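# Survey of secondary and tertiary structure
Listed below, chain by chain, are the residues.
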Amino acid sequence: MFVDNHSLHLVAGERFPWDWSYSVDTTGLVEARDDEVRVSTGLATCARMPLTVEVHDTDPGTPGGEWDDVTETSLTVHTDDLHTVETGDVPSVRLPLGADGAATYRVRVHAHGRDLEYDGSAGDPAGERYLVQLWPAAHAPDRVVRLSDAARHRRDAAIAHARKPLPPVPLPPGIPPGRPMTEPRPMSTPASAGGQRPTTMRAERRPADDDRRIPPGR
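Bear in mind the structure is a predicted one, so any value in this text is a computation, not a measurement.

### Description of the overall build of the protein
Secondary structure assignment for the protein yields 1 helix and 13 strands. Reading the protein from its N terminus to its C terminus gives the helix and strand order β-β-β-β-β-β-β-β-β-β-β-β-β-α. Burial statistics for the protein: of 218 residues in total, 33% are counted as buried. Summing over all exposed atoms, the protein offers an accessible surface of approximately 14300 Å²; the carbon and sulfur share of this is 53%.

Dropping the structure here:
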């Protein structure tokens, strides 16, 4: 797979999710929304990232010890397949799921070597690779099975940054705190003290000699 912006994508359909709004990834590895999965990679850009996707009938069991990071999330799919998609015009790879209509899947993502060259760029990664496993299961909270120290630090720093309040916007000179920056505009014809309605303004037609209408074309 081609990696761009630290991302690998699996989607229901064959279009790249250009409208993906990046949120805080609380697992440090994977996040999902309806019909789409995003995996966070170590390399920022990579031409040939090894990715294996497995579809199981049930939970495939305890992850092997060769994986540095393993996390899980839930995914709702409204079609009977997923596709691996890349930026550009690269053909996608279809992953048949066998679901009849909408179904919920558990997604477990395994990663190895994300810290070897983090934020770098490479044609072939020096050991970084991924395994994604899916199986039908009820929706459940995100789960971190294991994370390397570096991945945990990056995740915690991203969450702390997202929770940090925005700095206050300074007021222009002469505006005291607590007052609106603009005063309400007065009515053009205020009502009288006796509660009478304002006088209705009537438009008057201009004299004929001031009629500036454009004559019809011939």
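### Observations concerning the side chain of serine 74
Relative to the helices and strands, serine 74 is located in strand β7 (residues 69-77). Among the polar contacts listed, one links the side chain of serine 74 to the side chain of arginine 106, at a separation of 2.8 Å. Each residue touching serine 74, except ones within four places of it in the same chain, is listed here: Ala32, Tyr105, Arg106, Ala138, His139, Ala140 and Asp142.

### Regarding unusual backbone geometry
For aspartate 35, which is not glycine, the phi torsion reads 70° and is therefore positive. Its location among the elements puts aspartate 35 in the loop between β3 (30-33) and β4 (36-40). Phi is positive for aspartate 119, close to 70°, though the residue is something other than glycine. Its location among the elements puts aspartate 119 in the loop between β10 (103-112) and β11 (121-122). For aspartate 119, a relative accessible area of 51% corresponds to the exposed category.

### Things to note about the environment of glycine 127
Relative to the helices and strands, glycine 127 is located in the loop between β11 and β12 (129-136). Sequence spacing of glycine 127 and histidine 112 is 15 residues, and the spatial spacing of their C-alpha atoms is 7.2 Å. Ignoring sequence-local partners within four residues, the contact set of glycine 127 consists of His112, Gly113 and Leu116.

### A look at the pairing of β7
Buried residues dominate β7, accounting for 8 of its 9 residues. In this structure, β7 lies alongside β10, joined through 9 bridges in antiparallel fashion. Its bridge partner lying in β10, glutamate 72 is registered against arginine 108. Bridge analysis of β7 against strand β13 (residues 143-146) gives 3 bridges, and the strand direction is antiparallel. Residue pairing for β13: glutamate 72 is matched across the bridge by arginine 143.

### Here we look at the sheet that holds β12
A sheet is described by the order of its strands in space; here 5 strands give the open sequence β6-β12-β10-β7-β13, paired in mixed fashion. Edge strands, defined here as strands with exactly one partner in the open sheet, are β6 (51-55) and β13. Averaged over all adjacent pairs, the angle separating strand axes in this sheet is 20°, with direction ignored.

### Concerning the environment of threonine 26
By secondary structure assignment, the location of threonine 26 is in the loop between β2 (7-11) and β3. Sequence spacing of threonine 26 and valine 144 is 118 residues, and the spatial spacing of their C-alpha atoms is 9.0 Å. If sequence neighbours within four positions are ignored, threonine 26 has contacts with Asp142, Arg155 and Ile159.

Cut-offs and rules
Residues numbered from 1 in each chain as written. Predicted model: local features only at pLDDT ≥ 70, side-chain atom pairs only at ≥ 80, totals over all residues. Heavy atoms only, no water. Helix = DSSP H or I, 4+ residues; strand = E, 2+ residues; numbered from the N terminus. Buried < 20%, exposed > 50% of the residue type's maximum accessible area, 1.4 Å probe, protein only. Areas by Shrake-Rupley, 256 points an atom, 1.4 Å probe, with all protein chains shown as cover. Polar contact = N/O pair within 3.5 Å; in protein donor to acceptor, adjacent residues only side chain to side chain. Contact = heavy atoms within 4.5 Å. Pairing = 2+ DSSP bridges. Axes fitted to C-alpha atoms, helices over the stretch in contact; angles between N-to-C directions.

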